[in-house]
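Residue strings, one per chain:
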Amino acid sequence: MTTRNIDSSTTTDTAGSFDELGLSAALLRAVAAEGYTTPTPIQAESIPPVLAGRDVLGCAQTGTGKTAAFSLPILDLLSEDGADRRRGGRRLPRVLILSPTRELATQIADSIRTYGRHTRLKHVVIYGGVSQHRQVRALDAGVDIIVATPGRLMDLMEQGFVDLSEVETFILDEADRMLDMGFIQPIRQIAQNIPDERQTLLFSATMPGSISKLANSLLRDPVRISVTPVASAAPLIDQALYLVPGEQKAALLVHMLEDPEIESAVVFVRTKHGADRLTKRLTKGKIRAESIHGNKSQNQRQRALESFRSGRSRVLVATDVAARGLDVDGITHVFNFDLPNEPEAYVHRIGRTGRAGATGFAVSFCSREERNFLRNIERLVGERMTPTEIPSDFEYRNQHANSHANHGAVFTSGHTPGPRPAVVPRHNDRDARPARDDRPSYTLRADRVAEPKSPHKPKQGGKPARVSRSILADETASQPTRKPRPKHQSKGGPKSGPKGGRGGKPSGGKGTSRRLGKPGTGSKGRSAVR
């Protein structure tokens, strides 16, 4: 296996321009139209071996140009082989690209559309959250490239809409994220439906043991390309850490976003409900914000991204679902409102800023409960993060901040914590309840209790005395239990009809039930119900 380690902070001499990489004239024209002249390190090292048909294992951070590193040579190879190869009247896909999220799949498809504008190649993007009708229709019409998330692709394969028998190149983008999301088994099942004689490209931002194991099972003698130290923070990103109580994070964020220099910011939170809650808080503070997370439909997520890209929304609140698929130019700041519980996610989050050689800023809020997450991040990036002082013009507005000041939070805003407020006992507090002996006792008034009488004796006139329920219940329980009368047996009496009607007694015999139709006990023993 050929290994190439590259430092992205220095300029590589491998290729000074895209013209030296061996790409076709149609692709060079499309690249020039986008304003790209010099390839990034991952592009300069990946494109030549891909064009030569080699398997590639690339390790590079987000924002380093991995999408173009595999899409440009793949488009070149497909255009050389011809775009009109058909089998059975339908064009079968020859390239399969898997991505972990819908956003990333959409952006890969957009890049393929942009770079392949001068070719006759067709592609389709497949993901969940939307109707599969258009995706199935595109597959039936014939495509050359499939960009898909594993879940929806497996669904369409089980329904018989996808044929991977002609796939020549299999690409896994952000493979470590797919493994984190539990896609290891779908990836292996999909790979089993692809011919063994294929070219496989695997790109990942980190290289844990699980990725190496997956690469060994899918790749054959790959060229390994590593750009910058694995999981290190980008050198062009200024990082700041604020130790702040959890209940003060929203107020501090609103205060910092009042700075007009923060033109475009992404705020990462840990939960979906937290994203919606924080978006409402920012909107209440007159800050235009949108949220994006897994509970939103694909159309809602697309509208939020378009609003953020166009500048209508200044802030995008997102969960980690967007950390790998968010490709927006001009993001100046990234806020880690909640520190991620996975240290690798920290690198992917802050990689949203400082892209394409620009300088970015990453701000992290850390509460007392998140200290373990902070230590894991410091251990991963290999450096200690020094806390930054709270802005001097920010005042804490919550009295609970005083309790957090005793746990190591840095308070340097000039606010002097006052004494803790006295605890007012409440009756719903177990410790504040009065003792059992101090509770008022309730006694039964003697003038309200009379001699209990049997409830079954007829009244002798006058009002009966009021009897305590507990005494009456005790007396009733002490009496012998009477055998309940069956529902079908009638009482009998003077109202009985001659034919043994309901509640009556037929002449010449005992009571008979008309409802159940049981035989009577009269002289003839016949039933009253015929």
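Refer to the structure above for everything that follows.
### Notes on the nonpolar core
- Residues Leu96, Leu98, Ile146 and Leu172 are the most contacted members of the largest nonpolar core, which totals 35 residues.
- Those residues in contact with isoleucine 146, other than ones at most four positions away along the chain, are Pro93, Val95, Leu96, Ile97, Val124, Ile126, Leu139, Val162 and Leu164.
- If you look at the next biggest cluster of nonpolar residues, it comprises 34 residues, including Ala60, Tyr115, Leu121 and Leu201.

### Brief notes about helix α1 (residues 25-33)
- Looking only at α1, the buried set comprises Ala26, Leu27, Leu28, Ala30 and Val31.
- The elements touched by buried residues of α1 are α3 (66-81) and α4 (102-115).
- Downstream of α1 by one or two residues, glycine 35 has phi in the positive range, about 90 degrees.

### Some details on the packing of aromatic side chains
- Within the structure shown, the criterion is met by four aromatic pairs.
- With a centroid separation of 6.3 Å and 65 degrees between ring planes, the pair formed by phenylalanine 337 and phenylalanine 365 is classed as edge-to-face. In this pair, phenylalanine 337 is assigned in the loop between β13 (333-336) and α13 (343-350) and phenylalanine 365 in strand β14 (residues 360-366), connecting sequence segments 28 residues apart.
- Overall, phenylalanine 337 belongs to the buried group, its relative accessible area being 11%.
- Between the NZ or CZ atom of lysine 249 and the centre of the ring of phenylalanine 337, over which it lies, the distance is 5.8 Å.

### A word on the packing of helix α6 (residues 150-158) against helix α8 (residues 184-192)
- One can describe the packing of α6 onto α8 by two numbers: an axis separation of 10 Å at closest approach and a directional angle of 45 degrees. Taken together, the axes of α6 and α8 lie oblique to each other. As α6 packs across α8, the resulting crossing turns out to be left-handed. Contacts between α6 and α8 pair Pro150, Leu153, Met154 and Met157 from the former with Pro186, Gln189 and Ile190 from the latter.
- Grouping the constituent residues of the contact of α6 with α8 by class yields six nonpolar, one polar and no charged.

### What about the pattern of salt bridges?
- For the structure shown, the criterion picks out 13 salt bridges.
- Of the charged contacts in the structure, one is a salt bridge between lysine 66 and glutamate 174, with a shortest N-O distance of 3.6 Å. Within this pair, whereas lysine 66 is found in helix α3, its partner glutamate 174 is found in the loop between β6 (169-172) and α7 (175-180), the two being separated by 108 residues in sequence.
- With a relative accessible area of 6%, lysine 66 lands in the buried category.
- Note that aspartate 110 and arginine 113 form a salt bridge whose closest N and O atoms lie 2.8 Å from each other. Taken as a pair, aspartate 110 and arginine 113 lie in helix α4 at a separation of three residues, close to a single helical turn.
- Relative accessible area serves as the criterion here: at 33%, aspartate 110 is assigned to the partly exposed category.
- When its relative accessible area of 47% is taken as the criterion, arginine 113 is described as partly exposed.
- A single salt-bridge network, built from bridges that share partners, covers Lys249, Arg270, Asp338 and Glu370.

Thresholds, definitions, all that
Residues numbered from 1 in each chain as written. Predicted model: local features only at pLDDT ≥ 70, side-chain atom pairs only at ≥ 80, totals over all residues. Heavy atoms only, no water. Core = buried A, V, L, I, M, F, W, Y, C linked by side-chain atoms within 4.5 Å. Buried < 20%, exposed > 50% of the residue type's maximum accessible area, 1.4 Å probe, protein only. Contact = heavy atoms within 4.5 Å. Helix = DSSP H or I, 4+ residues; strand = E, 2+ residues; numbered from the N terminus. Phe/Tyr/Trp six-rings, centres within 6.5 Å; stacked < 30°, edge-to-face > 60°. Lys NZ or Arg CZ within 6 Å of the ring centre and 35° of its normal. Axes fitted to C-alpha atoms, helices over the stretch in contact; angles between N-to-C directions. Parallel < 35°, antiparallel > 145°, perpendicular 65-115°, else oblique. Left-handed = near helix turned anticlockwise from the far one by under 90°. Nonpolar A, V, L, I, M, F, W, Y, C, P; charged D, E, K, R; others polar. Salt bridge = Lys/Arg side-chain N within 4 Å of Asp/Glu carboxyl O.

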